[in-house]
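Descriptive structure summary
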Amino acid sequence: MKIVLKNGLMMLVAALMFSACSPVERKELGAPRNILESIAGTWKLTKATQVDEDASKKGFPYKELDITSLFPYTNFVLTLNLTGGAPGTFTTTPGTSPKIIKLASGNWTVDNAEYPKDITLTSGVITEKISLGGYPVGASNTLKLKVERSVLLPAGPKLLISYSYEFAKQ
Amino acid sequence: MKKLLFSIFLISAGLTVNAQNPTFSPSTFTAEDQVTLTVDLTGTGMAGAAQAYIWIFSNPDLPGGADGITNGSWGNSSAAAEMTNVGTNKWSFTFTGTTMFGQSPAQLKSFGFLAKKKDGSSQSPDYKPFFFDPLVFVPTMLRIFPAKVGSDDVVTMNFDRAYGVSVNEQRMTPVTATVTMFDETGAQVGSPLNVTVRSTASTIWSASYIPSISFTPGAGHKLAKFKYKFNGTLLDPSGATITVSSSETEIIFTTMQ
């Protein structure tokens, strides 16, 4: 009787374990996100931050400053256009804002179309390079750009100041 | 008595030798400065060696240590770790802390090293710890943010009353800051600029401006430096409000790209 009960119990446990297994339904990943399309558009500046990179590196107490309200930065508008899915022209409309990008118009390119890190703005022979601090993702419509300021030393460039700019899509 | 004196002499001699080996040039250095160390390996396992390789490490006996990027592996030191022979059993090596360890000045407190053969078959004892000069923030009455600026940057001038030197500076309530601009010839550019201050902490007032927006140099010239001071008010012994100014300080622009 005990053996029957023992075997029955083992079969019950095995049945429960098997019934707990079920095939996992894996959903399609979908097409890769087109970052250039998410970057393109008209962007208005919402936040400007100045960072003393040298002070940060040395662990000094005064490292960064929110400069958004010190000057009318929020008037600055940047438009990035695509041409056939590739970077095309750009325009900047500073209004009364400091010119965080000095070029008024021209063409823009990226270092990597799939995973861009740097944007190069060109107008004639003049170029300006800005770094992408963050892409607009999902519900977030924020584009983050970073401008770095370095001093040239014999050993190479030394980063002293950076500016981080956050834009909202219009 | 003779034995005691002899022992004291030996101990003193040992301490003296220890204090002078290794030597550093410059004698004090921060983690961002290039320094050349020279070590005498006489009496160590490396005495008489034809070649010596440094094995260097940061923050010995402290948290946050790292191996030097030139170390290579113990059984095969990298060529970049080879020391320079500067005399019998004397070897030197030049490095910069931040570059050597890939750490920031805030992370780097000290370092240690030993000398070894390329294959690790012989080595000197450890030489440690040697401390980097701290890159310390020194609070002052007048301070700009960022500490180094170009003429296109947002410049924030700060006045901290807690570090006022004169009685007036210790008592005044700043209202404006005055900026006087100069070009590379030392000639004044435009008229002095008065900027309204804002209170940013209990004893700190700040004023911001962008040099290239507020000042235009003459044709063929560029903005080179500026002087600034804070102006404010205080009550004199009779209770009347009087206007006073802080001392003035000069800032030279850094050329940046």
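Please read these numbers as outputs of a predicted model, since none were measured by experiment.

1. Comments concerning the overall build of chain A
When helices and strands are tallied, chain A shows 3 helices and 9 strands. Residues counted as buried form 16% of the 170 residues belonging to chain A. Sequence separation of at least 24 residues holds for 42% of the intrachain contacts in chain A that already meet a minimum separation of 6.

2. Remarks on the sheet that holds strand E1 (residues 23-25) of chain B
Residue and element names in this part refer to chain B. Read from one edge to the other, the open sheet built from 4 strands follows the order E1-E2-E7-E6, with strand pairing classed as antiparallel. If you trace the sheet from one side to the other, it starts and ends with E1 and strand E6 (84-87), each paired once. Taken pair by pair, the neighbouring strands of this sheet meet at an average axis angle of 30°, ignoring direction. The pairing of strand E2 (residues 34-40) with strand E7 (residues 90-96) spans 7 bridges and is antiparallel. When the sheet's bridge partners are listed, Gln 34 is paired in E7 with Thr 96.

3. Comments concerning the nonpolar core
Residues and elements named next belong to chain B. Counting residues in hydrophobic clusters, the biggest one holds 26 residues, and the most contacted among them are Ala 52, Tyr 53, Ile 54, Ile 56, Met 83 and Ala 115. Per-element accounting of this core gives the leading share, 5 residues, to strand E3 (residues 53-58). Ile 144, Val 155, Tyr 228 and Phe 230 belong to the second largest nonpolar core, which has 24 residues in total.

4. Structural notes on the pairing of strand E3 (residues 77-83) of chain A
Regular strands place side chains that alternate from one sheet face to the opposite one. Residue and element names in this part refer to chain A. The pairing of strand E1 (residues 41-52) with E3 spans 4 bridges and is classified as antiparallel. Bridging from a neighbouring strand, Thr 42 pairs with Thr 79 of E3. Relative to strand E4 (residues 86-93), E3 is paired through 6 bridges, and the arrangement is antiparallel. Each residue of the ladder has a partner; that of Thr 79, found in E4, is Thr 91.

5. A few points about the pairing of strand E13 (residues 188-196) of chain B
Residues and elements named next belong to chain B. Bridge analysis of strand E12 (residues 173-183) against E13 gives 6 bridges, and the strand direction is antiparallel. For Thr 178, the partnering residue across the bridge sits in E13 and is Asn 194. The antiparallel hairpin formed by E12 and E13 contains 4 residues in its connecting segment, where Gly 186 sits at a positive phi of about 90°.

6. Brief notes about the sheet that holds strand E11 (residues 155-160) of chain B
Residue and element names in this part refer to chain B. Taken in spatial order, the 4 strands line up as E10-E11-E15-E14 in an open sheet, and their pairing is antiparallel. Edge positions in the sheet fall to strand E10 (142-145) and strand E14 (198-201), since each has one partner strand and no second. Averaged over all pairs of adjacent strands, the angle between strand axes in this sheet comes to 35°, irrespective of strand direction. Where E10 lies against E11, 4 bridges are found, and the strand directions are antiparallel. Paired with Arg 143 across the strands is Asn 158, a residue of E11.

7. Details of the interface of chain A and chain B
Where interface size is given, it is often the accessible area lost as the parts come together that is meant. With 21 residues of chain A in contact, the opposing surface of chain B contributes 20 residues. For the side of chain A that touches chain B, the secondary structure elements donating two or more residues are E1, helix H3 (53-58), strand E8 (142-153) and strand E9 (156-169) of chain A. Broken down by class, the residue content of the side of chain A that touches chain B amounts to 13 nonpolar, 3 polar and 5 charged.

8. Regarding the environment of B:Thr254
Relative to the helices and strands, B:Thr254 is located in the segment after strand E18 (249-252). Judged by local crowding, B:Thr254 falls into the partly exposed class, with 16 C-beta atoms found within 10 Å. Every residue in contact with B:Thr254, bar those within four places of it in the chain, is listed here: A:Val151, A:Leu160, B:Lys148, B:Val149 and B:Gly150.

9. Examining the confidence of the model for chain B
Residues and elements named next belong to chain B. On average, residues of chain B score 90 in pLDDT, and 91% of them are at 70 or above. Of the regions scoring below 50 in pLDDT, residues 1-19 engages in 0 contacts with residues more than four places distant in sequence or in other chains. This complex was scored by the predictor with a pTM of 0.67 and an ipTM of 0.80.

10. So, the environment of B:Ile69
All names here are of chain B. As for its position among the elements, Ile 69 is in the loop between E3 and strand E4 (72-73). For the pair formed by Ile 69 and Trp 55, sequence separation is 14 residues and the distance between their alpha carbons is 9.7 Å. Excluding residues within four positions of it along the chain, Ile 69 makes contact with Met 100 and Gly 102.

11. Details of unusual backbone geometry
Residue and element names in this part refer to chain B. Of the consecutive residues Lys 128 and Pro 129, the connecting peptide bond is found in the cis state with omega at -15°. For Pro 129, the location among the structural elements is in strand E9 (residues 127-131). The step from Phe 145 to Pro 146 runs through a cis peptide bond, and the omega angle for that step is -10°. Here Pro 146 is to be found in the loop between E10 and E11. Phi is positive for Asp 61, which is not a glycine, with a value near 65°. The residue Asp 61 is located in the loop between E3 and E4 in this model. A positive phi angle is found at Asn 89, which is not glycine, with a value near 65°. Following the sequence through the fold, Asn 89 ends up in the loop between E6 and E7. Assessed through the 18 C-beta atoms surrounding it within 10 Å, Asn 89 is described here as partly exposed.

Definitions and cut-offs
- Residues numbered from 1 in each chain as written.
- Chains lettered and ligands numbered in written order.
- Predicted model: local features only at pLDDT ≥ 70, side-chain atom pairs only at ≥ 80, totals over all residues.
- Helix = DSSP H or I, 4+ residues; strand = E, 2+ residues; numbered from the N terminus.
- Buried ≥ 20, exposed ≤ 12 C-beta atoms within 10 Å, placed from the backbone.
- Contact = placed C-beta atoms within 7 Å.
- Pairing = 2+ DSSP bridges.
- Axes fitted to C-alpha atoms, helices over the stretch in contact; angles between N-to-C directions.
- Core = buried A, V, L, I, M, F, W, Y, C linked by C-beta atoms within 7 Å.
- Nonpolar A, V, L, I, M, F, W, Y, C, P; charged D, E, K, R; others polar.
- pLDDT = per-residue confidence, 0-100.

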